Amino acid sequence: MADSEDQVDLQSEKYEKHREAGDILAQVREETAERVEVGVSHLEIAEYAEDRIRELGGKPAFPVNISIDEEAAHATPSIDDDSTFGEEMVNLDIGVHVDGWLADTAITVDLSGTPELAEASEQALEAALEIVEPGVETGEIGAEIEDVIDGYGYNPVVNLTGHGLDHWEQHTSPNIPNRAVSQGTTLEVGDVVAIEPFATDGGGKVTEGATEEIFGLEREGTVRNRQAREALAQITDEFKTLPFATRWLETDRAEMALRRLKRNDIVHGYPVLQEDDGFLVSQKEHTVIVTEDGCEVTTQ
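Rules of the game
Residues numbered from 1 in each chain as written. Predicted model: local features only at pLDDT ≥ 70, side-chain atom pairs only at ≥ 80, totals over all residues. Heavy atoms only, no water. Helix = DSSP H or I, 4+ residues; strand = E, 2+ residues; numbered from the N terminus. Expected span 1.5 Å × (residues − 1). Buried < 20%, exposed > 50% of the residue type's maximum accessible area, 1.4 Å probe, protein only. Contact = heavy atoms within 4.5 Å. Phe/Tyr/Trp six-rings, centres within 6.5 Å; stacked < 30°, edge-to-face > 60°. Lys NZ or Arg CZ within 6 Å of the ring centre and 35° of its normal. UniProt positions renumbered as here; feature names shortened; annotations may be inferred.

With respect to helix H4 (residues 138–151)
- A rise of 1.5 Å per residue sets the reference length of H4, with its 14 residues, at 20 Å; its end C-alpha atoms lie 20 Å apart and thus fit the reference within 8%.
- Of all the positions in H4, only Thr138, Gly139, Ile141, Gly142, Ile145, Val148 and Ile149 are classed as buried.
- Elements in contact with the buried residues of H4: helix H3 (115–131), strand E5 (155–156), strand E7 (169–176), strand E8 (192–195) and strand E9 (198–200).

A short note on the packing of aromatic side chains
- Under the defined criterion, the tally for this structure stands at 3 aromatic pairs.
- These aromatic residues form a ring-pair network of at least three members: Phe215, Phe239, Phe244 and Trp248.
- The residue whose ring lies beneath Arg35 is Tyr48, and the NZ or CZ to ring-centre distance is 4.0 Å.
- Directly above the ring of Trp168 sits Lys240, whose terminal nitrogen or CZ lies 4.6 Å from the centroid.

What about the UniProt feature "binding site: substrate" (unreviewed entry) in the chain?
- In this structure's numbering, the residues bearing the UniProt feature "binding site: substrate" (unreviewed entry) are His74 and His171. Spatially, the listed residues are clustered: although they cover 98 residues, their C-alpha atoms lie within 13.5 Å of one another.
- With respect to the helices, strands and loops of the structure, His74 is situated in the loop between strand E2 (71–73) and strand E3 (89–98).
- Every residue in contact with His74, bar those within four places of it in the chain, is listed here: Asn65, Ile214, Tyr270, Pro271, Val272 and Leu273.
- Along the chain, His171 falls in strand E7.
- According to the relative accessible area criterion, His171 is partly exposed, its value standing at 47%.
- Ignoring sequence-local partners within four residues, the contact set of His171 consists of His163 and Gly164.

What follows is the structure, given as structure tokens:
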């Protein structure tokens, strides 16, 4: 959160790096979404986006999330993943950082023949962006999101929220709810937030699935196993507190190394979050900087 309006220089290096991350991300999101077609490999899409981010001068802020149908978040391909897209609802959630300053965006590519569900989250985001300005409460943003999604006949996913972005931190305060809440946070000039409506034809609550391919550093620690030590050195040096994928680790036997680090509470996993089977989830997300008279969308 920014301290106060008169102390915030929106042209400072921090904000310029947020903008640079957003510019890279906007380009990568569009290029990647165009490549999502029936029969294309999940791993190919994830690696395309992550490699393209690096080519353009940024680094992935987290593994590309490719969520299918009932999945809402934290799904990413494994190292030898052979999954391909079918006639499904596909959510791409992509993040970029420049020297630890972040941008976060998401788009739904509908291959399922349910375009109204994708449109619901997209229009909810547009409505939310229109009211973002200093002094607005996050609960009011949630009310706009809920109202639009309800209007389409769907439910917002109420236990997923937008969030603040900070240096090397992908999820900080304030939370941006996807429904009306009475106790919100007031936005201030200089806040950098990701707003991400999720719409579903299900009940509107996600639960943890059995799969984990994304992890994050919990605390510093020591381990005796060589592969676990190598993995930990890469994690602390390269990813710091940002999420990473098993397939990013350069040590041999990476999965075993991660199991050891997890057992020692040095890393934690991010289980896939999902609606009930048979339902669909759509998502749209932009990152914004709150300005004196509204907001600047860095990922447009």
